[in-house]
Structures are given as C-alpha cells and as structure tokens.
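# Structure at a glance
Below are the chains, spelled out letter by letter.
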Amino acid sequence: MILILLGPPGVGKGTQASRLTKTRGLVQLSTGDMLREAIANGTELGRKAKSIMDEGKLVADDIILGMIAERLSSPDCANGVILDGFPRTIEQAKGLDTMLVEMGLSVNHVIEMQVDENILADRILKRAQESEQVRDDDNVEVLKKRLKVYHENTAPIIPYYKDGGKVSVVDGMQPIEDVAAAIDRILNGQEG
Ligand code: ADP
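One structure accompanies this document, and this report is about it.

Our focus in this paragraph is the overall build of the protein chain. From N to C terminus, the protein chain includes nine helices and five strands. On the protein chain, roughly 10,000 Å² of surface is accessible, and the fraction owed to carbon and sulfur atoms is 50%. Treating the 23 positive side-chain charges of the protein chain as one cloud and the 30 negative ones as another, the clouds have centres 1 Å apart.

As structure tokens, this is what we get:
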C-alpha cells in the first residue's frame, strides 16, 4: 500500500500518518523528519538543507528523491508506506512513479487534507508552544512563505493524481478522531 497524504503545512498530515503506522502497520516516510534528522546529525545534507528549510523554501528534487529511493527499497517498507510531505512538486511525483514502476508498485491512494488556512497560524503557534524542540520554521512569517510554496508547487500535484482517479478529500478542520475515521473509510473502500 502506497498512501500519500497531501495538504498545507499544519493540516495534520504527521498526526494522521503516525496513527496509521500503529493501526495499519505502515511505515511513515516524512521527508521533513528525514531532513530534520540530517540537521540534528550534522551531516553535509543537513547543513545544506537547514537554511533552505528555515526560509520555507523547497530542498532540491534530486536530493529528496534520493532520500525516498533509499528508504522505499528497505525491507521494513515492504508492507507499505505513508508518504507525508512528499511528493511536493510535479517532478517529485513523476520521480516517485518511475521508482514505483521499477518496483512493480503504484500509488494506491492520495488523500488531500483540506483546511481553512486562516486557522493554520494558530495551529502552528500552538505546535511551537507545546513541543520541546521548536522547529525553526514554525513561525508566522515562514508559515506564509510555506503556504505560498504549497500553492505554487505542491497543489498542482492534485490534478496530476486526479487523472488517475486516486484522490479523496478529507476535511482537516474536524477533530483528530473524525479525520482519522474519514481516512479509515477511504482506505477501507467505504467512501461516500
Ligand atoms: P510542513 O508539512 O509542516 O510544511 P515538513 O516537515 O514536511 O513541514 O517540511 C519542512 C521543510 O522541509 C519544508 O518547508 C522544506 O524546506 C523541506 N522539505 C520537506 N519535504 C520536502 C520535499 N518533499 N521537497 C522539498 N523540500 C522538502
């Protein structure tokens, strides 16, 4: 099972992905987490990525595709993955398709999580207040940039997948459990 969670920063992709790892035995592949890990480990990739991320811009497609390729082929991912924060550009979506074809796989579901963007600043400030390690990009100024990048680069992926009839929409304004239930209905084929 290859599941993609798509939606703007702060919509709740990470929260839902983490739950799905427990309930469905899928592995969560979050490119944002991978990059933050590289930064924490002080690797060359981490050093390069840090300033880009702090500005809310996107890390280069080839770097991201390389990270995903390495993880996708590892044995722990054999049962399936939830892609969280990837793909973020059409190039990444195409690169993913190429990788999957080689593996005899394809994207099963794309779940677009929608939200009223006026509440995102509140959510992200709350996340910054509640977490022990505050992300350098969790502030209102960078959020605005990340939203702009989302609309310019990532939202255009939706029509790319819509053509294949794989996109379902979930209302991310609902309580966490209700969003989870809506995602479960989609994955169980009980949508609509
Ligand atoms: P959020 O979904 O809350 O915006 P992420 O943790 O997914 O945050 O990503 C944080 C930052 O990491 C992004 O703003 C970007 O700089 C970088 N990043 C993460 N995933 C990708 C990706 N697939 N392509 C390019 N850059 C990425």
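Let's pick the thread back up.
Evaluation of the coordinates by the stated rule reveals 14 salt bridges. One salt bridge in this structure joins Asp136 and Lys50, with 2.6 Å as the shortest N-O distance. Taken together, the positions of Asp136 in the loop between α6 (120–130) and α7 (140–154) and Lys50 in helix α3 (residues 44–54) put the pair 86 residues apart, joining distant regions of the chain. Judged by its relative accessible area of 28%, Lys50 falls in the partly exposed class. In this structure, Lys148 and Glu152 form a salt bridge, with 3.4 Å as the shortest nitrogen-oxygen distance. Residue Lys148 and its partner Glu152 are located together in helix α7, separated by four residues, close to a single helical turn. On the accessibility criterion, Lys148 (47% relative accessible area) is partly exposed. Among the charged side chains, a salt-bridge network with shared partners connects Arg127, Arg135, Asp137, Asp138 and Arg146.

As a further point, take the site of the ligand. As a structural note, the neighbourhood of the ligand is formed by 19 residues, with Thr31, Arg36, Lys57, Gln92 and Arg146 the closest of them. In isolation the ligand offers 550 Å² of accessible surface; the protein chains occlude 97% of this area. No other element matches the four residues that helix α2 (residues 31–40) contributes to the shell around the ligand. For the shell around the ligand, a count of residues per class yields seven nonpolar, four polar and eight charged.

Reading guide: rules and limits
- All residue numbers refer to positions counted from 1 along the written sequence of the respective chain.
- Local features are withheld for residues below a pLDDT of 70 in this predicted model, meaning they are given only at 70 or higher, and side-chain atom pairs are given and counted only at 80 or more; totals for whole chains, interfaces and linings count all residues.
- For the side-chain quantities, the full set of heavy atoms in the structure was used; hydrogens and water were omitted.
- Here a helix means four or more residues in a row that DSSP labels H or I, a strand means two or more in a row labelled E, and each is numbered from the N terminus.
- Surface exposure here means Shrake-Rupley accessible area, sampled with a 1.4 Å probe, where a residue is shielded only by the protein chains that are shown.
- Only four residue types enter the tally: Lys and Arg on the positive side, Asp and Glu on the negative side, with His and both chain ends excluded.
- Charge positions come from single atoms, namely NZ of Lys, CZ of Arg, CG of Asp or CD of Glu.
- Put simply, a salt bridge is a Lys or Arg side-chain nitrogen that is within 4 Å of an Asp or Glu carboxyl oxygen.
- Here's how the labels work: a residue is buried when its accessible area is under 20% of the maximum for its type, exposed when over 50%, partly exposed in between, all with a 1.4 Å probe on protein chains only.
- In this text, near means that some heavy atom of the residue lies within 4 Å of the molecule or strand in question.
- Residues are grouped as follows: Ala, Val, Leu, Ile, Met, Phe, Trp, Tyr, Cys and Pro are nonpolar; Asp, Glu, Lys and Arg are charged; all remaining types, including Gly, are polar.

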